[in-house]
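# Architecture at a glance
Here are the chains, one letter per residue:
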Amino acid sequence: MPRASRRRGDAAKRHADTLRFVLFEARPAGLLFHQLTRASDLSPSQVRAGLACLRDIIAENGWPPLIWTRADGYLLGAEPAALQAYERAVLTGKLTEFRRFLTGPVAPHAAAHPGDKWVRHIIAQVNSIESTLDLVVSS
């Protein structure tokens, strides 16, 4: 089943349009989630659905990206340095997620069943992803 943002109903499109307008009004500053909720007069769940839909619309149309930073909140069309910092933060998070997956459920499975073809395949693939992400993040 596709994600909710992929189904994109009329309501999510309206919320995305509202959020885009609010974020354009706030530029170059960003808005934290609670500020975005207050400024748009949408509920928190409507803002989440609108943000997911807005990210998809931005990607389809090739518009400047929507990023989130801890200090500034949600920003449209950030500077290249901010975009690079955001991308590094997201990739670092994914790298941590893969490492925890390897040490959490996969390592005990591999120890319990060392000859299992499935677990060897998972370890090889996730190690490859981990290595690539590590190179990207550290460069």
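A short tour of the structure in this document, coming up.

## Description of the side chain of Thr-37
- Relative to the helices and strands, Thr-37 is located in helix H3 (residues 33–40).
- Thr-37 gets classed as buried once you look at its relative accessible area, which sits at 15%.
- Not counting chain neighbours up to four residues away, the residues in contact with Thr-37 comprise Leu-42, Ser-43, Pro-44 and Val-47.

## Observations regarding the pairing of strand S1 (residues 66–69)
- When S1 meets strand S2 (residues 73–76), the two strands line up antiparallel, connected through 4 bridges. What sits directly across from Leu-66, in S2, is Leu-76.
- A loop of 3 residues connects S1 with S2, the two strands running antiparallel in sequence.

## Focus: the environment of Ala-52
- Assignment of secondary structure puts Ala-52 in helix H4 (residues 44–61).
- You can call Ala-52 partly exposed: its relative accessible area is 26%.
- The sequence separation of Ala-52 and Lys-13 amounts to 39 residues, and the corresponding C-alpha distance is 9.8 Å.

## Topic: the side chain of Glu-130
- Within the fold, Glu-130 resides in helix H6 (residues 117–138).
- What makes Glu-130 buried here is its relative accessible area of 18%.
- Filtering out sequence-adjacent residues up to four positions away, Glu-130 remains in contact with Leu-95, Arg-99 and Leu-102.

## So, the nonpolar core
- If you look at the biggest cluster of nonpolar residues, it comprises 18 residues, and the most contacted ones within it are Leu-19, Leu-23, Leu-36, Leu-51, Leu-54 and Leu-66.
- Secondary-structure elements contributing two or more residues to this core are helix H2 (10–26), H4 and S2.
- Leaving out residues up to four positions away in the same chain, Leu-23 has contacts with Leu-31, Leu-36, Leu-54, Leu-66, Tyr-74 and Leu-76.
- Leu-102, Val-119, Ile-122 and Val-126 belong to the second largest nonpolar core, which has 6 residues in total.

## Some details on unusual backbone geometry
- Here the residue pair Arg-27 and Pro-28 is connected by a cis peptide bond, since its omega of 5 degrees sits within 30 degrees of zero.
- Tracing the backbone shows Pro-28 in the loop between H2 and H3.
- In this model, Asp-41 sits at a positive phi of 60 degrees, which is unusual for a non-glycine residue.
- Assignment of secondary structure puts Asp-41 in the loop between H3 and H4.
- On the basis of relative accessibility, which here comes to 71%, the residue Asp-41 falls in the exposed class.

## Some remarks on the pattern of salt bridges
- Tallied over the full model, the rule gives 4 salt bridges.
- Two residues, Arg-20 and Asp-17, come together in a salt bridge whose shortest N-O distance is 3.1 Å. With Arg-20 and Asp-17 both in helix H2 and 3 residues apart, the pair spans about one turn of that helix.
- You can call Asp-17 partly exposed: its relative accessible area is 42%.
- Ionic pairing is found between Asp-134 and Arg-99, a salt bridge with its closest N-O pair at 3.6 Å. With a gap of 35 residues between them, Asp-134 in helix H6 and Arg-99 in helix H5 (residues 80–112) connect regions that are remote in the sequence.
- Taking the relative accessible area as the measure of exposure, Asp-134 reaches 34% and is therefore partly exposed.
- Using a relative accessible area of 35% as the deciding quantity, one classes Arg-99 as partly exposed.
- Sharing partners across several salt bridges, the network here consists of Arg-99, Glu-130 and Asp-134.

Conventions and cut-offs
Residues numbered from 1 in each chain as written. Predicted model: local features only at pLDDT ≥ 70, side-chain atom pairs only at ≥ 80, totals over all residues. Heavy atoms only, no water. Helix = DSSP H or I, 4+ residues; strand = E, 2+ residues; numbered from the N terminus. Buried < 20%, exposed > 50% of the residue type's maximum accessible area, 1.4 Å probe, protein only. Contact = heavy atoms within 4.5 Å. Pairing = 2+ DSSP bridges. Core = buried A, V, L, I, M, F, W, Y, C linked by side-chain atoms within 4.5 Å. Salt bridge = Lys/Arg side-chain N within 4 Å of Asp/Glu carboxyl O.

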